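# Understanding the architecture of this molecule
If you want the building blocks of each chain, they are given just below.
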Amino acid sequence: QFLSLDLSGNKGLSDDAFLAIAEAIPAKLETLELCFGRCSQLTDRSLSSIARNLPSSITSLTLKLTACEQVTTVGIRALAGKLPGAAIEKVSIWLDHCTCADEAHEIIQEALQGCTTKVKVHGKSEVMPA
């Protein structure tokens, strides 16, 4: 199964909305693509709830979090901590203009050490102009 959800630019979404989205992720899913670029209300709590609800059947995960400036290494660590338990083959994360972009690749690589997972983290730590 494949699920793609693009809510990019939706600045009014709250933690509760992201929690509801996370809880609605199907239990048997192979490919998940979530696009939350410029969703300024996405927080570590939101990302942690998504991580908690990732099904173990996931083989490909794409997260587009461009300019989600409230996401820090706390949320990335929660996500990375969930990945080794999954049958994950490919992880792609866009973190352009996020404060944690530089550390994210290292955190995810460390969590997947010894796995054959292809990891691609895009972006540099920059703050987006208003």
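In this report, we go over the structure that sits alongside the text. None of these values were measured; they are calculated from a predicted model. (Residues numbered from 1 in each chain as written. Predicted model: local features only at pLDDT ≥ 70, side-chain atom pairs only at ≥ 80, totals over all residues. Heavy atoms only, no water.)

With that settled, the discussion passes to the sheet that holds strand β4 (residues 90-94). The strand order β1-β2-β3-β4-β5 describes an open sheet built from five strands, whose pairing is parallel. If you trace the sheet from one side to the other, it starts and ends with β1 (2-6) and β5 (118-122), each paired once. The sheet shows a mean angle of 0° between the axes of neighbouring strands, taken without regard to direction. Note that β1 and strand β2 (residues 31-35) share five bridges and pair parallel. Counterpart to L3 in the pairing with β2 is L32. (Pairing = 2+ DSSP bridges. Helix = DSSP H or I, 4+ residues; strand = E, 2+ residues; numbered from the N terminus. Axes fitted to C-alpha atoms, helices over the stretch in contact; angles between N-to-C directions.)

If you walk through the whole model with that rule in mind, you get one aromatic pair. With a centroid separation of 5.0 Å and 80° between ring planes, the pair formed by F18 and F36 is classed as edge-to-face. In this pair, F18 sits in helix α1 (residues 15-23) while F36 sits in the loop between β2 and α2 (44-52), placing the two residues 18 residues apart along the sequence. Accessibility assignment for this pair places F18 and F36 in one class, buried. In this arrangement the basic side chain of K64 is found over the ring face of W94, its NZ or CZ atom lying 4.8 Å from the centre. (Phe/Tyr/Trp six-rings, centres within 6.5 Å; stacked < 30°, edge-to-face > 60°. Buried < 20%, exposed > 50% of the residue type's maximum accessible area, 1.4 Å probe, protein only. Lys NZ or Arg CZ within 6 Å of the ring centre and 35° of its normal.)

Note that strand β3 (residues 60-64) and β4 share five bridges and pair parallel. Counterpart to S60 in the pairing with β4 is K90. Handedness of the crossover joining β4 and β5 through helix α4 (residues 101-111) is recorded here as right-handed. (Right-handed = clockwise from strand over helix to strand, strands pointing away.)

What follows is about helix α3 (residues 73-82). Regarding α3, the residues found buried are G75, I76, L79 and A80. Seen along its axis, α3 keeps its buried residues to an arc of 135°; they face one direction. Of the exposed residues in α3, the ones pointing more than 90 degrees away from its buried face are V74, R77 and G81. (Arc of directions from axis to C-beta.)

Attention shifts here to the side chain of S49. With respect to the helices and strands, the residue S49 is situated in helix α2. The residues touching S49, leaving out its near neighbours within four places in the chain, are F18, L19 and A22. (Contact = heavy atoms within 4.5 Å.)

A separate point is the nonpolar core. Counting residues in hydrophobic clusters, the biggest one holds 39 residues, and the most contacted among them are F36, L61, L65, I76, L95 and I108. Of all the secondary structure elements, the ones that give two or more residues to this core are α1, β2, α2, β3, α3, β4, α4 and β5. (Core = buried A, V, L, I, M, F, W, Y, C linked by side-chain atoms within 4.5 Å.)

Here the focus is a negative patch on the surface. On the surface, D102, E103, E106 and E110 cluster together into a negatively charged patch. With respect to the element layout, E103 can be found in helix α4. (Patch = residues over 30% accessible without salt bridge, like charges linked within 9 Å, V, L, I, M, F, W, Y side chains within 5 Å. Areas by Shrake-Rupley, 256 points an atom, 1.4 Å probe, with all protein chains shown as cover. Salt bridge = Lys/Arg side-chain N within 4 Å of Asp/Glu carboxyl O. Lys, Arg positive; Asp, Glu negative; His and termini not counted. Charge placed at Lys NZ, Arg CZ, Asp CG, Glu CD.)

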